[in-house]
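# Results of the structural survey
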Amino acid sequence: MTRRSLLGLAALPVLAEESLAADSMVTASVQKLQLKHTWTTVMSSSTHRDVLYTTISQDGLTGRGEGAGIVRYGESAESGAAFVNRLAPDLARMDLRQFGKVIDWVLKQSEADWAAKAALDIAIHDWVAQRRAMPVHALWGLDPRDAPLTTFSIGIDTAEVIRQKVREAKAYPVLKVKVGLKNDEEVIEAVRSVTKKPLRVDANEGWKDKDEAVRKINWLEKMGVEFIEQPMPAHMVEETRYVRQRVHIPIIADEACLRPADIPKLAQAYDGVNTKIDKAGGLLQGYRMIQIARSLGLKTMLGCMISSSVAITAAAQLSPLVDYADLDGNLLIANDPYTGVRVINGKLTLPTGNGLGLQGSRPNA
Ligand code: MG
């Protein structure tokens, strides 16, 4: 018995020396995304975001990935690039056709770096699907016609700017509105003064008192709100269960739901979970989360960070599986280097090309 089998370790899917192509390589770089509007939530306010771009090349094909490191979890584009550069020599030697095994290896290489893991997982899926001459969603046997509508997000702002943003969002049939600061009523009333569209509301853990959360949600129910996302802090599972028993619209977990193992304990307090590829560590993890949630009878949602079309198109490839989508991060930026998924009459419309189906939107992209 070898030491490897004694330890219960599977062999790594390493390519034989003779099949290692000269172009087999992994890269990491930082991309600066400019926002169209200053973006404010409970957590932060910003005019640009740095994201991590990765490429993974083998056999004349290049897969692309993107991850938006989340400050709250101590991640940045730079720390993500350092993680990818550390793994690059080993990854370049692996047989990407065994992508499930390669991605599980990536996931085990640190206790954190989830956005960087997502960037690698996306690049690997892009490469594998190109290699098999099919779109990424076809790897899971999904029908792109099942892709849902996406909401368009309205950040926290003054009433006047909110009204302007809602008017600019004319093309989107469902809006997502951020609340959770002191001016919740003012924000919702500003939106309602210019539109009757269905609203989905995200409090980003903004309400710390369970009875205050019940009062706010009961008020939102009367304002035509479809569901409320993360009304209370992530650790307040018991308090959220109390709230759930006193309101009539679904409560969706976001900050409380990072990875697959988080989901079973949330089923008692929430009606659904929001999966984000950057938090989960990639599409394989996202797929697992959606399937676990479905198996527990929970509603499923795909959300996103502020990202370019690489990450948003990747998440959209999973979207035929979910009830709700909030995949508008690329629509909020002014300098997207790529085009991929499009929103037509509010519906996510997947590109037909192989892999992610990305195209450069500018020369040299
Ligand atoms: Mg959220």
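Quantities reported herein were computed from a predicted structural model and do not represent experimental measurements.

Thresholds, definitions, all that
- Residues numbered from 1 in each chain as written.
- Predicted model: local features only at pLDDT ≥ 70, side-chain atom pairs only at ≥ 80, totals over all residues.
- Heavy atoms only, no water.
- Salt bridge = Lys/Arg side-chain N within 4 Å of Asp/Glu carboxyl O.
- Buried < 20%, exposed > 50% of the residue type's maximum accessible area, 1.4 Å probe, protein only.
- Helix = DSSP H or I, 4+ residues; strand = E, 2+ residues; numbered from the N terminus.
- Phe/Tyr/Trp six-rings, centres within 6.5 Å; stacked < 30°, edge-to-face > 60°.
- Expected span 1.5 Å × (residues − 1).
- Bend = angle between axes of the 7 residues up to and from the residue.
- Core = buried A, V, L, I, M, F, W, Y, C linked by side-chain atoms within 4.5 Å.
- Domains from an automatic or database assignment.
- Contact = heavy atoms within 4.5 Å.
- Pairing = 2+ DSSP bridges.
- Disulfide = S-S within 2.5 Å.
- Buried area = accessible area lost by both parts, 1.4 Å probe.
- Polar contact = N/O pair within 3.5 Å; in protein donor to acceptor, adjacent residues only side chain to side chain.
- Nonpolar A, V, L, I, M, F, W, Y, C, P; charged D, E, K, R; others polar.

## Concerning the pattern of salt bridges
In total, this model carries 19 salt bridges according to the counting rule given. A salt bridge links arginine 145 to aspartate 143, with the nearest nitrogen and oxygen atoms 2.9 Å apart. Among the residues examined, aspartate 143 registers a relative accessible area of 25% and is labelled partly exposed. Notably, a salt bridge pairs lysine 279 with aspartate 254, separated by 2.4 Å at the nearest N-O pair. Here lysine 279, found in helix 11 (residues 277-280), pairs with aspartate 254, found in the loop between strand 8 (251-253) and helix 10 (263-266); they are 25 residues apart in sequence, far enough to count as distant. In this structure, lysine 279 and aspartate 254 share a single accessibility class: buried. Through salt bridges with shared partners, one network takes in Lys176, Lys178, Asp202, Glu229 and Asp326.

## Focus on the packing of aromatic side chains
Taken as a whole and judged by the stated rule, the model has 4 aromatic pairs. Relative to tyrosine 287, the ring of tryptophan 140 has its centre 6.0 Å away and its plane inclined at 15°; by these criteria the two rings are stacked. On the criterion of sequence distance, the pair formed by tryptophan 140 in the loop between helix 5 (136-139) and strand 4 (152-154) and tyrosine 287 in helix 12 (residues 283-295) is long-range, its members being 147 residues apart. Here tryptophan 140 falls in the buried class, since its relative accessible area comes to 17%. The exposure class assigned to tyrosine 287 is partly exposed, which follows from its relative accessible area of 25%.

## Quick word on unusual backbone geometry
Positive phi is not limited to glycine here, since alanine 133 has a value of about 55°. Mapped onto the elements, alanine 133 comes out in the loop between helix 4 (114-131) and helix 5. You will see that glutamate 205, though not glycine, has its phi angle at about 70°, which is positive. Mapped onto the fold, glutamate 205 is located in the loop between strand 6 (199-202) and helix 8 (210-222). Given the relative accessible area of 10%, glutamate 205 is considered buried.

## A word on helix 2 (residues 77-91)
With 15 residues, helix 2 should reach 21 Å at 1.5 Å per residue; the first-to-last C-alpha distance of 19 Å fits that figure. By the largest-angle criterion, asparagine 85 marks the main kink of helix 2, which is about 25°, and a proline, proline 89, follows within four residues. For helix 2, the complete set of buried residues consists of Ala77, Gly80, Ala81, Phe83, Val84, Leu87, Ala88 and Leu91.

## Examining the nonpolar core
A general trend in soluble globular proteins is that nonpolar side chains are found buried together. Judged by nonpolar contacts, the single largest core of 110 residues is most densely connected at Leu91, Ile228 and Leu327. Inspection of this core shows a minimum of three residues originating in each of domain 1 (3-133) and domain 2 (139-360). The contacts of isoleucine 228, once residues within four sequence positions are left out, are Val201, Ala203, Trp207, Ile217, Leu220, Ile249, Pro250, Ile251 and Ile252.

## Structural notes on the sheet that holds strand 8
As a general point, the strands of a sheet are linked pairwise by backbone hydrogen bonds and lie either parallel or antiparallel. Read across the open sheet, the 8 strands follow the order 4-5-6-7-8-9-10-11; overall the sheet is parallel. The sheet is open, and its two borders are formed by strand 4 and strand 11 (324-325), each paired with just one other strand. Of the pairings in the sheet, the one linking strand 4 to strand 5 (residues 175-178) comprises 3 bridges and is parallel in character. Of the residues in strand 5, the one forming a bridge with phenylalanine 152 is leucine 175.

## Some remarks on the state of the cysteines
Enumeration over the complete set of coordinates arrives at 0 disulfides. Not engaged in a disulfide, the cysteine cysteine 257 finds its nearest cysteine sulfur in cysteine 304; these two sulfurs lie 15 Å apart.

## Quick look at the domain arrangement of the protein chain
Each assigned domain of the protein chain is listed with its residue range as follows: domain 1 (3-133) and domain 2 (139-360). When each unit is reduced to the centre of its C-alpha atoms, the spacing between domain 1 and domain 2 is 24 Å. Contacts between the two partners involve 41 residues from domain 1 and, on the opposite side, 48 residues from domain 2. Here domain 1 packs against domain 2, burying approximately 3,700 Å² in sum over the two surfaces, 65% of which is carbon and sulfur. If you look at where domain 1 meets domain 2, you find 2 salt bridges. Where arginine 288 meets aspartate 104, a salt bridge forms, and the shortest distance between an N and an O atom there is 3.2 Å. Summed over the shared surface of domain 1 and domain 2, the number is 16 residue pairs in polar contact (both at pLDDT 80 or more). In terms of residues, the side of domain 1 that touches domain 2 owes the most to one element, helix 4, which gives 11 residues. Split by residue class, the side of domain 1 that touches domain 2 holds 19 nonpolar, 11 polar and 11 charged.

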